[in-house]
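# Remarks on the overall topology
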Amino acid sequence: MRESLKIIDQVLNAILPGETMGKVPKTFRVPPGEGYGHLEAPRGDLGFYIVSDGSPSPYRMHIRAPSFINLQVLQVLLKGWKVSDVIAILGSVDIVLGEVDR
């Protein structure tokens, strides 16, 4: 804890004085075209697909949630087990049902 406070103190002393607020526009215009980006999330790969026509709102956007993709393995995992084992197997996949219903 003391070492963390020393590091924070060093960082605060190294910050240069001046304006700290950045100028951010109220609306973003995504350039026309399509793109896909992904990042590593705690439960797997989180992907974003966007198609833009240059307006402030995207023409199409899809979010690939990791919990929905992780459910595909249940088909293989549940073969040969009893119904009472389904709860434990489903818990081992560690899904978030709010992500699954997108």
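Along each chain, numbering runs from 1 in the same order as the chain's sequence is written. Only residues with pLDDT of 70 or above have their local features reported here, since the model is predicted, and side-chain atom pairs are shown and tallied only from 80 upward, although totals for entire chains, interfaces and linings are computed over all residues. Heavy atoms throughout the structure, all of them, feed into the side-chain values; hydrogens and water do not.

For the rest of this paragraph, the subject is the overall build of the protein. Secondary structure follows DSSP: runs of H or I at least 4 residues long count as helices, runs of E at least 2 residues long count as strands, and numbering of each begins at the N terminus. Looking only at helices and strands, one finds five helices and three strands in the protein. Between the two quantities, the radius of gyration covers C-alpha atoms and the globule rule is 2.2 Å times the number of residues to the power 0.38. The C-alpha radius of gyration computed for the protein amounts to 22 Å, which surpasses the reference 13 Å derived for 102 residues by more than 25%, pointing to a less compact arrangement than a globule. The principal-axis extents of the C-alpha atoms in the protein amount to approximately 65 × 50 × 15 Å. Contact definition: two residues touch when any of their heavy atoms are within 4.5 Å. Here the analysis covers contacts within the protein between residues at least 6 apart in sequence; of these, 26% occur between residues at least 24 apart. Accessibility throughout is a Shrake-Rupley quantity obtained with a 1.4 Å probe, and a residue counts as covered only by protein chains that appear here. Surface accessibility of the protein: about 8800 Å² in total, with carbon and sulfur atoms responsible for 62%. Only four residue types enter the tally: Lys and Arg on the positive side, Asp and Glu on the negative side; His and the chain ends are excluded. Think of each charge as sitting on NZ of Lys, CZ of Arg, CG of Asp or CD of Glu. Seen as two clouds, the 11 positive and the 11 negative side-chain charges of the protein have centres 2 Å apart.

To continue, consider the pattern of salt bridges. Each salt bridge in this description consists of a side-chain nitrogen of Lys or Arg and a carboxyl oxygen of Asp or Glu lying within 4 Å of one another. Within this structure, the stated rule accounts for three salt bridges. Two residues, Arg-43 and Asp-94, come together in a salt bridge whose shortest N-O distance is 3.4 Å. Taken together, the residues span a long stretch of sequence, with Arg-43 in the loop between β1 (33-41) and β2 (44-52) and Asp-94 in the loop between α4 (86-93) and α5 (97-100) at a distance of 51 residues. Think of it in three bands: with a 1.4 Å probe and only protein chains considered, a residue is buried below 20% of the maximum accessible area for its type, exposed above 50%, and partly exposed in between. Relative accessible area serves as the criterion here: at 35%, Arg-43 is assigned to the partly exposed category.

Here we take up the sheet that holds strand β3 (residues 60-64). Read from one edge of the open sheet, three strands run β1-β2-β3, paired in antiparallel fashion. Among the strands making up the open sheet, the edge pair consists of β1 and β3. Each strand axis lies, on average, 10 degrees off the axis of its neighbour in the sheet, ignoring direction. One bridge is not enough; two strands pair if DSSP finds at least two bridges between them. Relative to β3, β2 runs antiparallel, the two being bridged by five bridges. In the strand pairing of β3, Ile-50 is matched with Met-61. Axis angles are defined between N-to-C directions and span 0 to 180 degrees, where every axis is a line fitted to C-alpha atoms and, for a helix, only to the segment in contact.

At 3.6 residues per turn, the α-helix brings residues three or four places apart onto the same side. The first and last C-alpha atoms of helix α1 (residues 2-14) sit 19 Å apart over 13 residues, in line with the 18 Å expected at 1.5 Å per residue. Counting buried positions along α1 gives zero out of 13 residues, so the element sits mostly on the surface. By definition here, a helix of n residues has an expected span of 1.5 Å times n minus one.

Another aspect to go through is a nonpolar patch on the surface. Together, Met-1, Leu-5, Ile-7, Ile-8, Val-11, Leu-12 and Ile-15 make up an exposed nonpolar region whose accessible area comes to about 770 Å². Within the fold, Val-11 resides in helix α1. By relative accessible area, Val-11 is classed as partly exposed at 48%. Patches draw on residues past 30% relative accessible area with no salt bridge. Two like charges within 9 Å are joined, as are two nonpolar side chains (Val, Leu, Ile, Met, Phe, Trp, Tyr) within 5 Å.

With that settled, consider unusual backbone geometry. One non-glycine residue with positive phi stands out, namely Asp-94, at about 60 degrees. Owing to a relative accessible area of 39%, Asp-94 belongs among the partly exposed residues under this scheme.

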